[in-house]
Amino acid sequence: MSGSAGNVVQARDIRGTIHVHAAPQAAQRSEPVPWQLPTDLRGFVNRVAEQEAMDRLLAEHPPAAQVLVITGTAGVGKTSLALHWAHAVRGHFPDGQLYANLHGYDPQAPVAPVQILERFLRALNVPAAAIPADPDAMASTYRSLVAGRRMLIVLDNASSAAQVRPLLPGAPGCLVVVTSRHRLSGLSVREGARHLTVEVLAEHDAVELLRAVTADYRSGDDPEELVQQVRLAARHRPACLLHDP
């Protein structure tokens, strides 16, 4: 009797050489990759300088884990910028994207980090029964799972550094984009976060944006009326500019 690992040949007499062909193994099924980004926004305009700054940060990544905090007043378009750019560069992150709205400035209470951790662990294919109950253990499991992966993590509408910190990877490979009305300076001190401030759109860009998002049902608007609407809305994001048709 002779053979190799997983192959056994049994014969009475053996003359010459024996060629053993192992049966091909079934291809292993890869785990689903999370693609959690919300739909890219329609009618995105300008923000060229901001996107170029974000591209420069991406060019530095890897080797080090990075955190980018996008700040600006309410309604200025922080989320629009973050999501538009995230869709444009998602090919750089083959291991997927995670997204969470932390509701930091919404009427309801901000979402606790442990709730987001549980969602992320489920998205990373951890069975519910295997998710630790202890928040610290949950965070450790999350960091272990994203270590060595190329992932983009968007944390939208954060109110504090404490709300963000448990959701940050602990090793190089991931880029975290945070949006907030405040700079979250604590992330700069401890995690070396970069900051990008989003200002209100220039008037002509705001008019272009309003025209783009209303083209399907308000294509005949007078240009001067659009300018007035933009001025009344202080050149903020589309939700502040739109009126019911």
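Use the structure listed above.
In what follows, the accompanying structure is described. (Residues numbered from 1 in each chain as written. Predicted model: local features only at pLDDT ≥ 70, side-chain atom pairs only at ≥ 80, totals over all residues. Heavy atoms only, no water.)

## Comments concerning unusual backbone geometry
Positive phi, normally seen in glycine, also occurs at His 103, with a value near 50°. By relative accessible area, His 103 is classed as partly exposed at 22%. For Asn 125, which is not glycine, the phi dihedral falls at a positive 70°. Following the sequence through the fold, Asn 125 ends up in the loop between helix 3 (113-123) and helix 4 (135-146). (Buried < 20%, exposed > 50% of the residue type's maximum accessible area, 1.4 Å probe, protein only. Helix = DSSP H or I, 4+ residues; strand = E, 2+ residues; numbered from the N terminus.)

## Looking at the pattern of salt bridges
Taken as a whole and judged by the stated rule, the model has five salt bridges. With its nearest N and O atoms 3.4 Å apart, the salt bridge here joins Arg 122 to Glu 118. Residue Arg 122 and its partner Glu 118 are both found in helix 3; the two are separated by four residues, about one turn of the helix. The exposure class of Glu 118 is partly exposed, given its relative accessible area of 33%. Between Glu 191 and Arg 165 there is a salt bridge whose closest N-O contact spans 2.9 Å. Within this pair, whereas Glu 191 is found in helix 6 (residues 185-191), its partner Arg 165 is found in the loop between helix 5 (161-164) and strand 6 (174-180), the two being separated by 26 residues in sequence. Here Glu 191 falls in the partly exposed class, since its relative accessible area comes to 26%. A single salt-bridge network, built from bridges that share partners, covers Arg 165, Arg 190 and Glu 191. (Salt bridge = Lys/Arg side-chain N within 4 Å of Asp/Glu carboxyl O.)

## Focus: the nonpolar core
Nonpolar side chains in soluble globular proteins tend to be buried together. Tyr 142, Leu 155, Val 164 and Val 178 are the most contacted members of the largest nonpolar core, which totals 32 residues. Secondary structure elements with two or more residues in this core: strand 3 (66-71), strand 4 (97-101), helix 3, helix 4, strand 5 (151-158), helix 5 and strand 6. No other element matches the five residues that helix 3 contributes to this core. Setting aside chain neighbours within four positions, we find Val 164 in contact with Leu 102, Leu 155, Ala 158, Val 178, Leu 184 and Leu 187. Within the second largest apolar cluster, 21 residues are counted, among which are Leu 68, Ile 70, Tyr 99 and Leu 152. (Core = buried A, V, L, I, M, F, W, Y, C linked by side-chain atoms within 4.5 Å. Contact = heavy atoms within 4.5 Å.)

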